[in-house]
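So you can see what is in the structure, the chains are spelled out below.
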Amino acid sequence: MANPDKRKEAFAWVVKQYSENLYWKIRRIVINHDDASDVLQNTLLKAWNNIGDFKYQSKISTWLYRIAINESLDFIRKQKNKVSADAELSLANRLMADEYFDGDATQALFQEAIATLPDVQRTVFTMKYFEELKYSEISQILGTSEGALKASYHIAVKKISEYIKNKE
């Protein structure tokens, strides 16, 4: 898009159209409201800076979702380097104290169990369980085979179940 005004107008429409949906996709991965807002801002900034690279080989929503997933995973990796294992395990307590979390103790424990998963399993589980995406859609977004995604999801479900069972 050569015309800067048209580019700004088009991107403003993209932001308005997809921001809320992207926020919730990000929030399910990074959990915390403030962190999700920061990751969303980074996602939109990266999309703005790279809009010229969009090849129209997929839907714009798929492209944005891929950026959001990558930004979320980058954020989690950086956080893991900063946070001790003990602090990560207190996620349920932090969620219960978060004014934006509207769940109960069981939902907080569920989120804590999800947070213990390796990054890829957490992402696949989130996309399948919360977003109810088909494996073919997840495969397109993550660039991973459907078989590998099914295995990751199955293992994630097993780990979550074991984690909750051990906490009860």
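Residues numbered from 1 in each chain as written. Predicted model: local features only at pLDDT ≥ 70, side-chain atom pairs only at ≥ 80, totals over all residues. Heavy atoms only, no water.

Turning next to helix H6 (residues 105-115). Burial runs high along H6: 8 of the 11 residues are buried. Taken together, the buried positions of H6 are Ala108, Leu109, Phe110, Gln111, Glu112, Ala113, Ile114 and Ala115. (Buried < 20%, exposed > 50% of the residue type's maximum accessible area, 1.4 Å probe, protein only. Helix = DSSP H or I, 4+ residues; strand = E, 2+ residues; numbered from the N terminus.)

This part covers the packing of helix H1 (residues 4-30) against helix H2 (residues 33-50). One way to put it is that H1 packs onto H2 with a least axis distance of 9 Å and a crossing angle of 145 degrees. Every pair of crossing elements has a handedness; the one defined by H1 and H2 is right-handed. Every residue of H2 that contacts H1 at Arg7, Lys8, Phe11, Val15, Ser19, Leu22, Tyr23, Ile26, Arg27 and Val30 is listed here: His33, Asp35, Ala36, Ser37, Val39, Leu40, Thr43, Leu44, Ala47 and Trp48. In terms of residue class, the contact of H1 with H2 is built from 12 nonpolar, 4 polar and 4 charged. (Axes fitted to C-alpha atoms, helices over the stretch in contact; angles between N-to-C directions. Left-handed = near helix turned anticlockwise from the far one by under 90°. Contact = heavy atoms within 4.5 Å. Nonpolar A, V, L, I, M, F, W, Y, C, P; charged D, E, K, R; others polar.)

We now examine the confidence of the model for the chain. Put simply, the chain has an average pLDDT of 81, and 84% of its residues get 70 or more. Mean pLDDT values over the elements of the chain span from 47, in helix H4 (residues 85-89), up to 92, in helix H9 (residues 146-167). In the predicted structure, residues 85-89 sits below a pLDDT of 50 and forms 9 contacts with residues beyond four places in sequence or in another chain. (pLDDT = per-residue confidence, 0-100.)

Before going further, it helps to examine the nonpolar core. Of all hydrophobic cores here, the largest spans 41 residues; its most connected members are Val30, Phe125 and Ile160. Of all elements in the fold, only H1, H2, helix H3 (60-82), H6, helix H7 (119-130), helix H8 (135-142) and H9 reach the threshold of two or more residues within this core. At 9 residues, H3 tops the list of elements feeding residues into this core. Setting aside anything within four residues of it in sequence, one finds Val30 in contact with Asp35, Ala36, Val39, Ser72, Phe75 and Ile76. (Core = buried A, V, L, I, M, F, W, Y, C linked by side-chain atoms within 4.5 Å.)

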